[in-house]
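These are the residues of each chain, in order.
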Amino acid sequence: MVDGLNRLISSFRKIDLLAIPKMAFLPLVMPLLSISKNYFYQNGANGITVSADSRPEIWENVFQNNGFAINVAQNASPIIVGNQISNNRSGIVVQANTSPILRKNVIQSSKEDGLVIIDQAIPDLGNSSEPGGNRFRNNSHYDINAKAAKQVIFAGGNNICKNRIIHRQCRY
């Protein structure tokens, strides 16, 4: 888990800012951060938190027995694909002004909710032309809890039971 992330981080070039002339123009191009094929297990708080304006790809990871498996906060817009998320307090929590894209994840057996949507967050769970392909099952309270969401949530093309969703405005 950590070894893969350490290899990725160590592959970034280090720039000596003192060696750059004051008038030099340095284009800041951040490589796309990819977090994949890791095992997040028994973290007391979150398996992973994505925050600020970050846009990582989180794919093919296993999240088990964490607080929140994936916590998406502030203005983050991660792409979350093909993860196995099980036995956490809650699977994925999206809040503030986030806009994550969720595709082909299995979110199951959460002690509370599979997906929690809060405030202005607008997760992309799919639509009729691009199905989400997420599978929600056996989450203790709700598969999708959007009761505190202030936006209309679309959840097209997912494997979910309509009676396992609590919402103010959700279309599936």
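About the criteria used
Once a new chain begins, its residue numbering starts again from 1 and follows that chain's sequence as written. The model is predicted, so local features are restricted to residues of pLDDT at least 70 and side-chain atom pairs to those at 80 or more, both for listing and for counting; the totals for chains, interfaces and linings are taken over all residues. As a rule here, side-chain values come from all non-hydrogen atoms in the structure, and water together with hydrogens is ignored. In this scheme Phe, Tyr and Trp rings, the latter by its six-membered ring, pair at centre separations within 6.5 Å, and the angle between planes marks the pair as stacked below 30 degrees, edge-to-face above 60, and tilted otherwise. Think of it this way: DSSP has to see at least two bridges between two strands before they count as a pair. Each helix is a run of H or I in the DSSP string that is no shorter than four residues. Each strand is a run of E no shorter than two, and both are numbered from the N terminus. Fitting a line to C-alpha atoms yields each axis, with helices limited to the stretch in contact; the angle taken between N-to-C directions then spans 0 to 180 degrees. Grouping buried Ala, Val, Leu, Ile, Met, Phe, Trp, Tyr and Cys residues that are joined through side-chain atoms within 4.5 Å yields what is termed a nonpolar core. The buried label applies to any residue whose accessible area, calculated with a 1.4 Å probe on protein chains only, is under 20% of its type's maximum; exposed applies above 50%, and partly exposed to all values in between. Contacts are assigned to residue pairs that have any heavy atoms within 4.5 Å of one another.

### Side note on the packing of aromatic side chains
Item 1. Following the criterion strictly, the structure yields two aromatic pairs and no others.
Item 2. Their ring planes at 15° and their centres at 5.3 Å tell us that Tyr39 and Tyr41 sit as a pair that is stacked.

### Here we look at the sheet that holds strand β4 (residues 57-59)
Item 1. Taken in spatial order, the four strands make up an open sheet running β1-β4-β7-β10, and their pairing is parallel. On the outer flanks of this sheet lie β1 (34-36) and β10 (101-103), each paired with one strand and no other. On average, each strand axis in the sheet is tilted by 10° relative to the strand beside it, whichever way the strands run.
Item 2. Across three bridges, the pairing between β1 and β4 is parallel. When the sheet's bridge partners are listed, Ser34 is paired in β4 with Glu57.

### Things to note about the pairing of strand β14 (residues 144-149)
Item 1. Across four bridges, strand β12 (residues 115-119) lies against β14 in parallel orientation. Considered in β14, the bridge of Val116 is made with Asn145.

### Considering the nonpolar core
Item 1. Ranked by size, the top nonpolar core spans 28 residues in total, and within it Phe63, Ile70, Ile92, Leu115, Ile117 and Ile144 carry the most contacts.
Item 2. Sorting the residues of this core by element identifies β3 (46-50), β6 (68-72), β9 (90-94), β12 and β14 as the ones contributing at least two each.
Item 3. Contacts of Ile92, omitting those with residues within four sequence positions, involve Ile70, Ile80, Ile85, Leu102, Ile107, Gly114, Leu115 and Val116.

### Description of the sheet that holds β9
Item 1. Within the open sheet, the six strands sit side by side as β3-β6-β9-β12-β14-β16. Their pairing is parallel. Each end of this open sheet is capped by a strand with a single partner; those strands are β3 and β16 (165-167). On average, adjacent strands in this sheet sit at an angle of 10° to one another, irrespective of strand direction.
Item 2. As paired elements, β3 and β6 share four bridges and run parallel to each other. Within the sheet, the bridge partner assigned to Ile48 lies in β6 and is Ile70.

### Considering unusual backbone geometry
Item 1. Even without glycine at this site, Ser109 takes up a positive phi of about 55°.
Item 2. Structurally, Ser109 can be placed in the loop between β11 (106-108) and β12.
Item 3. Among the residues examined, Ser109 registers a relative accessible area of 27% and is labelled partly exposed.
Item 4. In this structure, Asn138 is a non-glycine residue whose phi angle is positive, near 60°.
Item 5. Among the structural elements, Asn138 can be located in the loop between β13 (135-137) and β14.

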